[in-house]
Amino acid sequence: VALTKAEKWKFGLTVFAGKILGLLAVLFAMKVLPGMLVTKSYAAETFTAHETNIMNSINTVWTLVAAFLVFGMQAGFVMLEAGFARTRETVNVLMECILDTCLCGVLFWSIGYAFMFSHGNGFIGYHWFFLMGAPDSYETTGIPLLAHWIFQFAFADTCSTVTSGAMIGRTSFRGDILYSIGVTGFIYPIIGHWAWGPDGFLATMGSAGFFLPSLGQPFHDFAGSTVVHTIGGVVSLAGAMVLGPRLGRIFARDNKAKGGLPPAHNLPLAAVGGFLLWFGWYGFNPGSSLSAMDAQGIGRIAANTTLAACTGGLGAMLAALWWGPTKGKFDTAFSINGMLAGLVAITCPCYWVSPLGAVLLGFVAGFVVFAGVYLFEWFRIDDPVGAVSVHGLAGIWGTISLGFFASGQYGATGPTGADNSAPLAGLFYGGGTAILKAQVIGSATIVLATFAVSYAMMWVIRLLPHPWNLRVEEHGETGPGGLDAFEHGASAYNDAETGSGIPGSIGVKDGELVLELS
Amino acid sequence: VALTKAEKWKFGLTVFAGKILGLLAVLFAMKVLPGMLVTKSYAAETFTAHETNIMNSINTVWTLVAAFLVFGMQAGFVMLEAGFARTRETVNVLMECILDTCLCGVLFWSIGYAFMFSHGNGFIGYHWFFLMGAPDSYETTGIPLLAHWIFQFAFADTCSTVTSGAMIGRTSFRGDILYSIGVTGFIYPIIGHWAWGPDGFLATMGSAGFFLPSLGQPFHDFAGSTVVHTIGGVVSLAGAMVLGPRLGRIFARDNKAKGGLPPAHNLPLAAVGGFLLWFGWYGFNPGSSLSAMDAQGIGRIAANTTLAACTGGLGAMLAALWWGPTKGKFDTAFSINGMLAGLVAITCPCYWVSPLGAVLLGFVAGFVVFAGVYLFEWFRIDDPVGAVSVHGLAGIWGTISLGFFASGQYGATGPTGADNSAPLAGLFYGGGTAILKAQVIGSATIVLATFAVSYAMMWVIRLLPHPWNLRVEEHGETGPGGLDAFEHGASAYNDAETGSGIPGSIGVKDGELVLELS
Amino acid sequence: VALTKAEKWKFGLTVFAGKILGLLAVLFAMKVLPGMLVTKSYAAETFTAHETNIMNSINTVWTLVAAFLVFGMQAGFVMLEAGFARTRETVNVLMECILDTCLCGVLFWSIGYAFMFSHGNGFIGYHWFFLMGAPDSYETTGIPLLAHWIFQFAFADTCSTVTSGAMIGRTSFRGDILYSIGVTGFIYPIIGHWAWGPDGFLATMGSAGFFLPSLGQPFHDFAGSTVVHTIGGVVSLAGAMVLGPRLGRIFARDNKAKGGLPPAHNLPLAAVGGFLLWFGWYGFNPGSSLSAMDAQGIGRIAANTTLAACTGGLGAMLAALWWGPTKGKFDTAFSINGMLAGLVAITCPCYWVSPLGAVLLGFVAGFVVFAGVYLFEWFRIDDPVGAVSVHGLAGIWGTISLGFFASGQYGATGPTGADNSAPLAGLFYGGGTAILKAQVIGSATIVLATFAVSYAMMWVIRLLPHPWNLRVEEHGETGPGGLDAFEHGASAYNDAETGSGIPGSIGVKDGELVLELS
């Protein structure tokens, strides 16, 4: 209990460094084994036209309900981010979520979906702009293309909102518009095409005639640990680095007494947001099957998602109890972020691991997010909500964990049911290192490409003249009413302080408490 | 930037007036063309009993999940309305939502559903009171009648809650009970019968032997831009007019410095409410098919709903940026209401328009709501949440927009799939003015009837002795603790101000800040 | 209006006592009639393999969506409980919900599901620990076992969260961990096995060769009025009794002026939580069919659930209007708890009663919760959210009400549809007292067993040394920042009071209002 803050830092970093070294050791020790080739050979059953219509409808209901739940995550995100922010930047958080969502709809309709899901080459799709010329149903899923579109819109919107997390409190609103267009319209859909496009080079990797044929395995990302969360987290990191910290933000290593993240201005808001995100994740992961005819698959995904969230929360709670800033106490913010880290981590492997695997990899994710928050604080990167750790690092961990935990039982999902003829088996289940290698290659490729492109984009926007500069003017950040007043002419709470209901606001002037009646 | 408030007003009103004139010009220029007659000729396919059971179950799952989402909108409404309100009237907003919902269940079970959905004549249904004598399934939908009931209950509840929006802050609670009974038990279901009842005169309009046979088109309102939202908005307008503004409410035209809507007391609450409403709208619109076997239809509705919400938000954001009270800044309240206006507008035409149509008509809705807020402010009508503009005006616009944007591809939905043999085509898609005429007639009929009846009802309740008078006693509005203390003996927030957790409340006495320990 | 508080108490208690006496009179007057034996004889129809797969998928979609909705209730619970709590204990409420959920996932995976749903004997299941050796699908439902698991996990989590309600504000966090393990890992699943396990002695009661064969009826609890809510409420009561009240809590009978529950610190949070709980209940009750092929059944359940919630809210609103602490006013907290009481009550009988039955039994539940709150206040039991009344008492009432209101039309649900060959008929529908007896026996058995076991558990934890003692140290409760600071090193709201956005908190020192800048 008597550890000083410096000692805690050393301890935490030692543990973190050990984990990273261990992870690297495993990766270096990998043998280059040719994995097994996944050939999708759905049972050659024949169905009547009525049966096919019925199955398509069931799958469409499933996909649409899932899409609605994923969209519902926006309510969760806005609560989580606003709750964790300071009061003075809360309205800005609300507006960024609203703007990101509205922009995303228009961009994903006009160009994003085309870049990501239409046919083209391994790097980009180039048909179906404004959804023109697109077929009624998406590929062989039997799902109406517009149902697939709204499901994928909700994913793009998630990535876009994640991005804003580490950039809270000092981004100008016009800068936000610019980078949002870049992320939603170009970076997410184009890089996403690599992994999820019908001919993306990471999706076709490992097959004869494609990228790295000797690998024998494509990159797997069932619901987007990498495609959605890591991309979002890495863009957010690039933004936070280009922006620099909020004015007045003191880092833990610079002042042991006063340093560290400002406390959440509204923890109930943040906690409810966390639960709503978990709720919405039940669309995110199970819905990514695009098929309810694979009943065993969607049941397994839902159970795995639950278990990883639970152990992620417990992992981060324990880490913070043992080594956190309020050592010996049970920290709420870390617990919430731990649940989310477990969810992010299970998002990639949810279909292929057993419940035991989900329990273990989620638990690790809780520690990953704890270590990540300390790591970025040490690097003096101001991430007000822990977005880079939750979505970036836990996304990387989850993606790679498939290489360890794939249970060797489950292969591919499809519109009439599962095809487990070529199951994925990870290192811990006797499957060798082929999947692990594919996952590391896929994750590293996307992380590096995303970081390079988004850093360049942020850097360019940072050079623009005000008000289009990425960072808000200094007086916009520190003036009366803060960013909310400067950018939006509003404050989050009004006349709430005066129980009598008389409109007015309590403020501080010259260190004195004053009431301004309005 | 240097425009005075008066100049802004003039500018905004000029733009608004121009839009109205343009709209009227289009309407006046319409030629009276006989439209094409929609005959529902579902493919005469035969299904086995098992197939029929299965399809009925899929459609029931779809309808029930949609009903649950629509009910979930109550959480969104209560957040939106409470967030936009002042602190002193917040508990009252909560209680009105609770009461409206509870009353609505009992009334829609006993009389509302009977008036609206049972057979009778063109003006009213008169069977199935207390659901007695009703069949197991509703008409030819294959949906259990009780599943249809809960879906429609959730719609009635929405209309009821919309109504309370413009009447916040000065309605007595007993007055609220009285008008709620009127709206939920009589006005909504009876007028709704005209458009949605099995033999409603607007539903059968345009066919030989019915109302306006030469028109050749019935009134179309897929999910209730008019039936739910315009009725709710118009009743709310009548209530606000009869009530007069809240005491102390200063209008913009009366005082340039201090006039205008009081700021939202809790913007995060309002913004989250907006997102939850959008989430629930995915039940409202796609669920109105009552059929998941029409997979293409529900996918299209979901995508259209999304796009209209996005462009509605962008439209209002731009309008407020260019001409709003915080000109040059990005206004949160208008952005939220813009999203909602886009959702309200797409509610009627969601099945029949293309994504491009949804993008355009949603964008216009954003400007409609902006102009509406200015319009009612100018008329000195105190609408604390913009309910009349969002639900009333955007509902009218959305209803009429079908006449322009119906894409000529889609006809009618049904329990076994779509029947596109007689597609609807609007003016912009070469379909002439028949649909436009039918929509204007239907919208105008319902607006006028609703306004007349609800104004009369509100006027009568306004004559009753206290406490049954529509308007609360003056000391109930201005006394200590405001309406919340007077009607409910409570305040929204308690001891929140004292970070120490000591129960007490901060108030203002003689202009001084005081703390009352309790 | 001029009644004194003492007179109000007398009046309320008289009414309550009268109701209890009436109920007892009915119970004593019961004749021991042999009921009719329910034999599940599903129609011996044959289905093709494709049809079976399709029906299983529909039922799985239904079960999973319902599971997600039930999980979503956690967001509702955390809002309701945090909103009703005092500010100083709010973070603790958040953390208990997070911890309970995370623990529940791990425990229900490792042992809970095994105890509850695996085969064993009448008292406990003892297979499938860590889900090992479990079949792909649960029993004859056709539902994947993991889909059944997540649905039941969400139920267990609900019970666990209910438990924390009456123990808010003085339970140590490590004590919470200990009793949560007891409730989620042992008490709930083992006692739950009696009613819901494949061979539980209350589930098989009334058949030849089992418990009380002469009864002729098993215990019925469709969705858990008893299994989930009463167990949760009774454990909570035991905890509150062992803990004693919060320090400084004054009961109404001890001080007429200052006594009574501290006001909700955030009523909007509580009200929204109430609506989200109602929303989630649409998974709880309709989903408990585990079958969407029983379309009539799930439609009826959804409608009944709605109606009971509505009349429960109205009942409690009227009770509080007539006899409550703010007599003559419309009380929000009672209205919210009334809706929840209606929902709890309909949870058991939702499948077997008519809409009229739901209206009536929900209305009674509203009065039950009102009387319960007074009853426990009189017994000086500090239940900050009314959990014991809402979940315990209304759960008992709902369970017993089946004996009165079962309409004699509906029998059992199943994966291919309903089997109404042996419908349940209650006393009011000419069915005699057999069901009533079975319900009283089942309810009493579970109430007594739960109370005994949980009281013993709480008592033992109360004897442990700090910090593992059930009750937090005195200075943890009363020190600066309250329980939140002591256990979690955090406060719910930070810098919210200073509209200027300057971090700091307003507190009270020596009766003076002070601002501490941080």
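All values reported here derive from a predicted model rather than from experimental measurement.

1. Things to note about the relation of the copies chain C and chain B
Then comes step 1: At an RMSD of 0.0 Å, chain C and chain B line up after a rotation of 120° and a shift of 0.0 Å along the axis. This pairing of chains is accounted for by a three-fold axis.
Then comes step 2: Looking at the interface residues of chain C, only 14% of them are also at the interface in chain B, so each copy uses its own face.

2. Concerning unusual backbone geometry
Then comes step 1: Of the consecutive residues His466 of chain A and Pro467 of chain A, the connecting peptide bond is found in the cis state with omega at 5°.
Then comes step 2: Locating Pro467 of chain A in the fold gives a position in the loop between helix H12 (434–463) and helix H13 (474–478).
Then comes step 3: A positive phi angle, close to 65°, is found at Trp128 of chain B, a residue other than glycine.
Then comes step 4: Here Trp128 of chain B is to be found in the loop between helix H3 (90–117) and helix H4 (145–164).
Then comes step 5: By relative accessible area, which is 12% here, Trp128 of chain B ends up buried.
Then comes step 6: If you check the backbone angles, Glu139 of chain C has positive phi at about 45° while not being a glycine.

3. Let's talk about helix H10 (residues 355–378) of chain B
Residue and element names in this part refer to chain B.
Then comes step 1: An ideal rise of 1.5 Å per residue puts 34 Å on 24 residues; H10 measures up with 35 Å between its terminal C-alpha atoms.
Then comes step 2: For H10, a buried count of 18 out of 24 residues is recorded, marking the element as mostly surrounded by other parts of the structure.
Then comes step 3: Arg380 occupies a position one or two residues after H10 and carries a positive phi of about 60°.

4. Section: the relation of the copies chain C and chain A
Between the two copies of the chain lies a rotation about an axis combined with a shift along it.
Then comes step 1: Of the two same-sequence chains, chain C is brought onto chain A (RMSD 0.0 Å, axial shift 0.0 Å) by a rotation of 120°.
Then comes step 2: A low fraction, 14%, of the interface residues of chain C reappear at the interface in chain A, so the copies pair through non-equivalent surfaces.

5. Side note on the interface of chain C and chain A
Then comes step 1: Chain C puts 65 residues into the contact, and the matching count from chain A is 63 residues.
Then comes step 2: Both sides of the chain C and chain A interface together cover about 5,200 Å² of buried area, and 78% of this is carbon and sulfur.
Then comes step 3: For the pair chain C and chain A, the interface holds 12 residue pairs in polar contact (both at pLDDT 80 or more).
Then comes step 4: When contributions to the side of chain C that touches chain A are tallied by element, the ones reaching two or more residues are helix H2 (49–84), helix H3 (90–117), helix H4 (145–164), helix H5 (173–196), helix H7 (267–287), helix H14 (482–488) and strand S2 (512–517) of chain C.
Then comes step 5: Per-element accounting of the side of chain C that touches chain A gives the leading share, 17 residues, to H2 of chain C.

6. Quick look at empty space enclosed by the protein
Then comes step 1: Overall, the coordinates contain 12 cavities of 30 Å³ or more when judged by the stated rule.
Then comes step 2: Approximately 170 Å³ is the volume found for the second largest cavity.
Then comes step 3: If you go around the second largest cavity, you meet 17 residues; those closest to its centre are Leu276 and Phe279 of chain A, Phe279 of chain B together with Leu276 and Phe279 of chain C.
Then comes step 4: Those elements that provide at least two residues to the lining of the second largest cavity are helix H2 (49–84) and helix H7 (267–284) of chain A, helix H2 (49–84) and helix H7 (267–284) of chain B together with H2 and H7 of chain C.
Then comes step 5: Counting residues per element, the lining of the second largest cavity draws most heavily on H2 of chain C, which supplies 4 residues.
Then comes step 6: Per-class residue counts for the lining of the second largest cavity are 12 nonpolar, 5 polar and no charged.

7. Some thoughts on the confidence of the model for chain A
All names here are of chain A.
Then comes step 1: Residues at a pLDDT of 70 or more form 87% of chain A, whose mean pLDDT is 90.
Then comes step 2: Ignoring residues within four places in sequence, the model shows residues 22–43, a span with pLDDT below 50, making 43 contacts including any to other chains.
Then comes step 3: Low pLDDT (under 50) marks residues 496–518, which in the prediction has 62 contacts with non-local residues, meaning those over four places away or in another chain.

8. What about the interface of chain C and chain B?
A common way to express how large an interface is: the accessible area buried when the components associate.
Then comes step 1: Taken together, the contacts link 63 residues of chain C with 65 residues of chain B.
Then comes step 2: Taken together, the two surfaces of chain C and chain B that pack against each other cover about 5,300 Å², and 78% of this comes from carbon and sulfur.
Then comes step 3: Applying the counting rule to chain C against chain B returns 0 salt bridges.
Then comes step 4: Run the count over chain C and chain B and you get 12 residue pairs in polar contact (both at pLDDT 80 or more).
Then comes step 5: Put simply, the parts of the chain that give the side of chain C that touches chain B at least two residues each are H2, H7, helix H8 (295–323), helix H9 (332–347), helix H10 (355–378) and strand S1 (504–509) of chain C.
Then comes step 6: The class makeup of the residues in the side of chain C that touches chain B is 41 nonpolar, 14 polar and 8 charged.

9. Looking at the packing of H2 of chain A against helix H8 (residues 295–323) of chain B
Then comes step 1: One can describe the packing of H2 of chain A onto H8 of chain B by two numbers: an axis separation of 10 Å at closest approach and a directional angle of 15°. As the angle between them shows, H2 of chain A and H8 of chain B are arranged roughly parallel. By crossing handedness, the relation of H2 of chain A to H8 of chain B is classed as left-handed. Each of Ser57, Thr60, Leu64 and Phe68 of chain A in H2 of chain A lies in contact with H8 of chain B, whose residues at this interface are Ala295, Ile298, Gly299 and Ala302 of chain B.
Then comes step 2: Tallied by class, the residues present in the contact of H2 of chain A with H8 of chain B amount to 5 nonpolar, 3 polar and no charged.

10. Remarks on H8 of chain C
Then comes step 1: The end-to-end C-alpha separation of H8 of chain C is 42 Å, in line with the 42 Å expected for 29 residues at 1.5 Å each.
Then comes step 2: Burial analysis of H8 of chain C places 26 of its 29 residues in the buried class, the great majority of the element.

11. Here we look at the side chain of Thr141 of chain C
Residue and element names in this part refer to chain C.
Then comes step 1: Mapped onto the elements, Thr141 comes out in the loop between H3 and H4.
Then comes step 2: Look at Thr141 and you get buried, because its relative accessible area is 14%.
Then comes step 3: The residues contacting Thr141, other than those within four sequence positions of it, are Asn56, Leu290 and Pro415.

12. Some thoughts on the packing of aromatic side chains
Residue and element names in this part refer to chain A.
Then comes step 1: Applying the stated criterion across every chain, the model contains 123 aromatic pairs over all chains.
Then comes step 2: Relative to Phe129, the ring of Phe115 has its centre 5.6 Å away and its plane inclined at 85°; by these criteria the two rings are edge-to-face. In this pair, Phe115 sits in helix H3 (residues 90–117) while Phe129 sits in the loop between H3 and helix H4 (145–164), placing the two residues 14 residues apart along the sequence.
Then comes step 3: For Phe115, a relative accessible area of 11% translates into the label buried.
Then comes step 4: By relative accessible area, Phe129 is classed as partly exposed at 28%.
Then comes step 5: For the pair Phe370 and Tyr374, a centre-to-centre distance of 4.8 Å together with 35° between the ring planes defines the contact as tilted.

13. A few points about the nonpolar core
Then comes step 1: Counting residues in hydrophobic clusters, the biggest one holds 459 residues, and the most contacted among them are Tyr188 of chain A, Tyr188 of chain B together with Tyr188 of chain C.
Then comes step 2: With sequence-adjacent residues up to four places away left out, Tyr188 of chain A is seen in contact with Phe108, Met116, Phe155, Ala156, Cys159, Val183, Trp196, Val227, Val228 and Ile231 of chain A.

14. Let's talk about the environment of Ala203 of chain B
Residue and element names in this part refer to chain B.
Then comes step 1: Note that Ala203 resides in the loop between helix H5 (173–196) and helix H6 (225–243).
Then comes step 2: Accessibility expressed as a relative area gives 29% for Ala203, which makes it partly exposed.
Then comes step 3: A C-alpha to C-alpha distance of 9.1 Å links Ala203 and Gln217, two positions 14 residues apart in sequence.

15. Some thoughts on the pattern of salt bridges
Residues and elements named next belong to chain A.
Then comes step 1: A full pass over the atoms with the stated rule returns 21 salt bridges over all chains.
Then comes step 2: When the shortest N-O distance is used, the salt bridge between Glu477 and Arg471 registers 3.0 Å. Here the two residues Glu477 and Arg471 agree in accessibility, since each one is buried.
Then comes step 3: Each of the salt bridges in this network shares a partner with another, and the network as a whole consists of Arg86, Glu89, Arg246, Arg249, Glu377 and Asp382.

Reading guide: rules and limits
Residues numbered from 1 in each chain as written. Chains lettered and ligands numbered in written order. Predicted model: local features only at pLDDT ≥ 70, side-chain atom pairs only at ≥ 80, totals over all residues. Heavy atoms only, no water. Least-squares fit on C-alpha atoms with pLDDT ≥ 70 in both. Contact = heavy atoms within 4.5 Å. Helix = DSSP H or I, 4+ residues; strand = E, 2+ residues; numbered from the N terminus. Buried < 20%, exposed > 50% of the residue type's maximum accessible area, 1.4 Å probe, protein only. Expected span 1.5 Å × (residues − 1). Buried area = accessible area lost by both parts, 1.4 Å probe. Polar contact = N/O pair within 3.5 Å; in protein donor to acceptor, adjacent residues only side chain to side chain. 1 Å grid on protein atoms, 1.4 Å probe; cavity = no way out; pocket = protein on both sides within 12 Å on 5 of 7 lines; lining within 4 Å. Points joined across faces, edges and corners; volume = space filled by probe spheres on them. Nonpolar A, V, L, I, M, F, W, Y, C, P; charged D, E, K, R; others polar. pLDDT = per-residue confidence, 0-100. Salt bridge = Lys/Arg side-chain N within 4 Å of Asp/Glu carboxyl O. Axes fitted to C-alpha atoms, helices over the stretch in contact; angles between N-to-C directions. Parallel < 35°, antiparallel > 145°, perpendicular 65-115°, else oblique. Left-handed = near helix turned anticlockwise from the far one by under 90°. Phe/Tyr/Trp six-rings, centres within 6.5 Å; stacked < 30°, edge-to-face > 60°. Core = buried A, V, L, I, M, F, W, Y, C linked by side-chain atoms within 4.5 Å.

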